[in-house]
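Structural features, examined
These are the residues of each chain, in order.
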Amino acid sequence: MTAPSQTDPAPPGPSERSRRRPRIDDTDAAGLGRGRAAAFVAPALLLISIFLIFPALWTLYLGLTNWRLTGLAAVEPEFVGLDNYLDALTDPSFHNSLLLTLLFVFFSAVVGQSVLGFSLAWTTRRLRPSIRSLLETVVLLAWIIPASVIAFLWIALLSRHDGTLNALLGTEGTAWLLEYPMQSIIIFNIWNGTAFSMLLFSSALASVPPSQFETARMSGAGTLATLRDVVFPNIRGHILTNTLLITLWTFNVFTPYLITRGGPEGRSEILGVYIYRVALNEGALGRGAALSLIMILINLVIASVYLRLLRERKP
Amino acid sequence: MSVRQSLGVIGRYVFVAFVLAFFTLPLLWLASAPFDSAPSLTVAWPEFTLQNFRELVDNPYALRSLWNSVILAAGTVAIVLTLAALSSYALSRVRIPGRDTLLYTLLLLSSIVTGTAAMVPTFLLISELGLIDRQLGVVLVLAGGLLPTAIFILKDFMDSTPRSYEESARVYGASSLQILRQVVVPIARPGLATISVWAVVQVWGNFLVPFILLRSAEKRPAAVTMFTFYTEGGQPNLALISTFSLLFSIPVVAMYLFVNRRYGFRFHGGIKR
């Protein structure tokens with residue numbers, strides 16, 4: 001999207017144009033001029049700078065202090081150098097959280113949402129419109145209903161004593177959230193987030209030239225061969241986009257906190273939940289800031305890969 | 001139809017049935033429990049009653065928190081829409097040096113400085129500004145996070161609106177702000193509507209930001225109040241939780257249906273989060 005918009009009229013020769021309307025941009029139909037344009041942009045930039053950019057930069061400093069929520073270090077935080085980072089890197093509960101996050105992102109997003117989303121997009125193409133729209137509606141509902149509501153729906157579903165799942169499976173008394181906390185939030189997140197992959201792959205599949213499907217059908221290719229030779233080569237870009245975006249989002253998800261609160265004993269404490277406990281529950285803000293910075297840097301890596309790919313595809 | 005083909009069809013329908021059950025099962029409770037005279041956690045055909053909705057009126061925080069959500073959503077949308085319209089218009093019409101880099105950098109920043117990753121510095125910043133436990137603090141943080149995406153999408157809309165009207169308005173001596181208000185905004189209405197709905201959905205469901213920035217129960221939005229209903233001690237009041245969940249979910253579902261009918265949801269699917 002770096003390229004000038006396609007609706008821009010072809011610019012006439014620069015010399016001729018600039019003689020008639022000096023110092024005004026080719027497309028500046030309203031005659032804003034650079035000064036007024038800057039004034040229009042300034043309020044948004046100010047707000048973004050204070051509430052988005054400054055906090056990110058501030059973590060660089062905060063992570064080097066022993067700032068605490070209460071007590072003496074809340075009033076006069078001291079500079080402690082790299083202690084927070086060293087503590088984090090040697091803390092088993094941080095390692096635990098990092099590993100759980102990796103499992104969570106890999107199984108719920110990269111595998112779960114991608115595969116289920118693609119299968120749905122692939123299958124629904126050939127379903128009756130009524131069934132297709134019913135299916136799409138429930139998948140979308142799982143995505144748009146507020147997190148604190150769906151969290152309780154899952155608590156009710158998985159409840160030990162009168163949860164619907166136990167009633168259906170005849171496994172009365174199984175405490176899913178205590179015995180299988182990680183599996184539960186992974187399945188939950190697949191349920192919660194598949195809609196995006198489904199939508200993206202639906203539009204990707206619609207962009208595959210129908211003639212190629214026709215050719216595959218004529219030559220007697222089965223489903224697997226069609227997928228391998230026709231579909232995947234055509235939608236490789238979409239697969240990458242989907243994987244990177246849902247990886248980034250899933251990495252930053254906080255909703256599992258509403259279901260398990262990281263427990264029992266930290267067994268479902270993904271990174272966001274861990275930061276919340278360290279910084280805002282236990283009050284170690286400096287330590288939490290160091291962790292925040294680590295998280296922002298990981299986000300930066302994923303997002304830069306994505307943006308690079310995006311630019312390469314739209315030269 | 002060969003055996004292999006019919007197996008394929010059967011396989012497809014088994015898959016569809018299974019997925020449909022998987023996605024529907026958790027949602028059923030939301031449809032049955034609010035109308036059940038003795039709601040339990042198990043999904044059951046309700047013994048129909050509307051009595052549960054009395055709990056909403058009787059609870060001191062329920063309706064109030066929904067109103068708080070409306071305030072947060074309205075405040076955030078007002079800021080995002082105004083500032084995004086102004087800046088995306090200027091960025092679309094005037095080639096400020098480094099414009100594209102700016103847009104990309106902002107988009108990059110908003111996707112990496114998420115509420116979860118930046119909860120510590122955000123909390124400290126709002127504390128230092130004395131905005132803890134003020135709804136204004138929540139609105140500003142949310143608006144700051146939503147603005148880059150809003151500008152990015154709106155600029156695309158602005159790029160595709162014709163410029164000829166602006167030229168004629170200018171000939172008649174309209175000022176830039178007048179042109180923006182009376183010429184550009186009406187043309188860009190679908191884009192503005194999309195951004196509004198998107199921003200409302202974001203704010204309506206947001207849990208983390210108000211959860212860490214607000215203290216008093218009477219200022220909490222519905223997302224946080226809902227959480228306190230099922231975590232703060234004692235037997236959860238299922239009549240209250242179920243009816244509240246329903247009332248809290250209806251606005252976003254209704255907006256989804258509206259957008260879907262009016263503009264088609266598919267296209268904007270990617271911008272939900």
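Residues numbered from 1 in each chain as written. Chains lettered and ligands numbered in written order. Predicted model: local features only at pLDDT ≥ 70, side-chain atom pairs only at ≥ 80, totals over all residues. Heavy atoms only, no water.

Under an unreviewed UniProt entry, the name given to chain B is Carbohydrate ABC transporter membrane protein 2 (CUT1 family), and the organism recorded is Haloactinopolyspora alba. A UniProt comment under Subcellular location (unreviewed entry) is attached to chain B, and it reads "Cell membrane". The record held by UniProt for chain B lists under Sequence similarities (unreviewed entry) the comment "Belongs to the binding-protein-dependent transport system permease family." (UniProt positions renumbered as here; feature names shortened; annotations may be inferred.)

As annotated in an unreviewed UniProt entry, chain A carries the name Carbohydrate ABC transporter membrane protein 1 (CUT1 family) and comes from Haloactinopolyspora alba. Word for word, the UniProt comment on chain A under Sequence similarities (unreviewed entry) is "Belongs to the binding-protein-dependent transport system permease family."

Focus: the UniProt feature "transmembrane region" (unreviewed entry) in chain B
Residues and elements named next belong to chain B. Per the UniProt record, "transmembrane region" (unreviewed entry) is found at residues 12-31, 66-91, 103-124, 136-154, 197-217 and 237-259. With 73% helix and 0% strand, residues 103-124 has end C-alpha atoms that lie 27 Å from one another. Helix makes up 71% of residues 197-217 and strand 0%, whereas the separation of the span's terminal C-alpha atoms amounts to 27 Å. (Helix = DSSP H or I, 4+ residues; strand = E, 2+ residues; numbered from the N terminus.)

Here's the deal with the UniProt feature "domain: ABC transmembrane type-1" (unreviewed entry) in chain B
As recorded in UniProt, the sites labelled "domain: ABC transmembrane type-1" (unreviewed entry) are residues 66-259 of chain B. For residues 66-259 of chain B, the end-to-end C-alpha separation is 22 Å, with 78% helix and 0% strand making up the annotated structure.

Thoughts on the confidence of the model for chain B
Residues and elements named next belong to chain B. Here chain B averages 86 in pLDDT, and 96% of its residues register 70 or above. Taken element by element, the predicted model of chain B shows its lowest mean pLDDT in helix α7 (residues 164-171) (83) and its highest in helix α10 (residues 208-213) (94). A low-confidence stretch, residues 266-273 stays under pLDDT 50, and its non-local contacts, those more than four residues away or across chains, total 26 contacts. With pTM at 0.86, the complex prediction returns an ipTM value of 0.87. (pLDDT = per-residue confidence, 0-100. Contact = heavy atoms within 4.5 Å.)

Notes on the packing of aromatic side chains
This structure, assessed with the given rule, holds 35 aromatic pairs over all chains. Arranged with centres 5.2 Å apart and planes meeting at 25°, the rings of Phe-54 of chain A and Trp-58 of chain A form a pair that is stacked. Pair noted here: Phe-54 of chain A and Trp-58 of chain A are both in helix α2 (residues 33-62), with a separation of four residues, about one helical turn. For Phe-54 of chain A, a relative accessible area of 36% corresponds to the partly exposed category. Taken together through their ring pairs, the aromatic side chains of Phe-152, Phe-254, Tyr-257 and Tyr-276 of chain A together with Trp-29, Phe-207, Phe-211, Phe-227 and Tyr-230 of chain B make up a single cluster. The lysine or arginine in question, Arg-125 of chain A, covers the ring of Trp-122 of chain A, its NZ or CZ lying 4.2 Å from the ring centre. Directly above the ring of Phe-213 of chain A sits Arg-125 of chain A, whose terminal nitrogen or CZ lies 5.1 Å from the centroid. (Phe/Tyr/Trp six-rings, centres within 6.5 Å; stacked < 30°, edge-to-face > 60°. Buried < 20%, exposed > 50% of the residue type's maximum accessible area, 1.4 Å probe, protein only. Lys NZ or Arg CZ within 6 Å of the ring centre and 35° of its normal.)

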